[in-house]
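Given next are the chains, with one letter for each unit.
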Amino acid sequence: MSIFSRMVHLKGFLPMLEEPARAQRIKTLCLSSLKSIDLHVLHSIVTQCSNLECLVLAGIDSVDDDLLVSLSINCLNLQHLNVKGCKMITDRGVCAVAARCPLRVLVVSGVARLTDRVVFTLINCCAYLKELYCAGCGLISPVAVRYLKDRCFNRLFVDHTIPGTASDLLMAKNLDTGEFVRADLIPAIPAIPVIMGSRDDVNQF
């Protein structure tokens, strides 16, 4: 079942969500630009519609990390997520979804607080991602996006237009965690001190 709605509060939608058999039939839900949508309705959607495969929440101001974390716990079949322009979202919410859901399409354009951490999570958890839209995400580096494209099994389309960002960074695998990260973010190993002196000085130890 696919539902595309522009009702202001969607309160009339709640009775359907309260019937598990009907709520679980919903696989596609588009609620873009409903800025005044009732937050209770959004939480009901992500907890009751467990078979969601496509969810569009673009432009909804109330969408936050807690909602996405709940989505990641309850909607394990989610393949398409659009949270374009949802300014309250940070790495925590998007990474939670990427770590649990088999994402194929992710739209986070205009979510300025996202960083390379999102890309690293996609690399480690979403190898079959097909489309990533992250234009305007200035804290996501082009080198991380290029590395994501190299790691994905499918040919990945990426929309990421950020002028003036560094392109000479290196990616590396953290052997302690198994995750791929920017090389400049891996803590440096402290140097072993070298004792200089004569043979007699060394023998004293």
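Up top you'll find the structure we're talking about.
A few points on the structure.

### Notes on the nonpolar core
Right, on to step 1. Membership of the largest hydrophobic core comes to 57 residues, with the highest contact counts inside it found for Val63 and Leu81.
Right, on to step 2. Of all elements in the fold, only α1 (14–17), α3 (39–48), α4 (65–74), α5 (91–100), α6 (116–125) and α7 (142–151) reach the threshold of two or more residues within this core.
Right, on to step 3. Per-element tally for this core: the top contributor is α6, with five residues.
Right, on to step 4. In contact with Leu81, other than residues within four places in its own chain, are Leu55, Leu68, Leu71, Val97, Leu103, Val105, Leu106 and Val107.

### Considering the packing of α4 against α5
Right, on to step 1. Where α4 meets α5, the axes come as close as 7 Å, and the angle between the chain directions of the two elements is 10 degrees. What the angle tells us is that α4 and α5 run roughly parallel. On the side of α4, the interface is formed by Asp65, Asp66, Leu68, Val69, Leu71, Ser72 and Ile73, while α5 contributes Arg92, Gly93, Val94, Ala96, Val97 and Arg100.
Right, on to step 2. Classifying every residue of the contact of α4 with α5 gives seven nonpolar, two polar and four charged.

### Section: the environment of Gly138
Right, on to step 1. Tracing the chain through its elements places Gly138 in the loop between β6 (131–133) and α7.
Right, on to step 2. Linking Gly138 and Arg113, residues 25 residues apart in sequence, is a C-alpha distance of 8.1 Å.

### A closer look at the pattern of salt bridges
Right, on to step 1. Counted under the stated rule, the structure contains two salt bridges.
Right, on to step 2. Here Glu19 makes a salt bridge to Arg22, at a shortest N to O gap of 3.5 Å.
Right, on to step 3. Residue Asp66 pairs with Arg92 through a salt bridge whose shortest N-O separation is 2.8 Å. Taken together, the positions of Asp66 in helix α4 and Arg92 in helix α5 put the pair 26 residues apart, joining distant regions of the chain.
Right, on to step 4. Residue Asp66 is classed as partly exposed on the basis of its relative accessible area of 45%.
Right, on to step 5. On the accessibility criterion, Arg92 (42% relative accessible area) is partly exposed.

### Some points on α4
Right, on to step 1. Within the span of α4, buried status applies to Asp65, Leu67, Leu68, Ser70, Leu71 and Ser72.
Right, on to step 2. Those residues of α4 that are buried lie in contact with α3, β3 (54–56), β4 (80–82) and α5.
Right, on to step 3. If you check the start of α4, you find a side-chain oxygen 3.4 Å away from the backbone N of Asp66, and it comes from Asp64.

Rules of the game
- Residues numbered from 1 in each chain as written.
- Predicted model: local features only at pLDDT ≥ 70, side-chain atom pairs only at ≥ 80, totals over all residues.
- Heavy atoms only, no water.
- Core = buried A, V, L, I, M, F, W, Y, C linked by side-chain atoms within 4.5 Å.
- Buried < 20%, exposed > 50% of the residue type's maximum accessible area, 1.4 Å probe, protein only.
- Helix = DSSP H or I, 4+ residues; strand = E, 2+ residues; numbered from the N terminus.
- Contact = heavy atoms within 4.5 Å.
- Axes fitted to C-alpha atoms, helices over the stretch in contact; angles between N-to-C directions.
- Parallel < 35°, antiparallel > 145°, perpendicular 65-115°, else oblique.
- Nonpolar A, V, L, I, M, F, W, Y, C, P; charged D, E, K, R; others polar.
- Salt bridge = Lys/Arg side-chain N within 4 Å of Asp/Glu carboxyl O.
- Polar contact = N/O pair within 3.5 Å; in protein donor to acceptor, adjacent residues only side chain to side chain.

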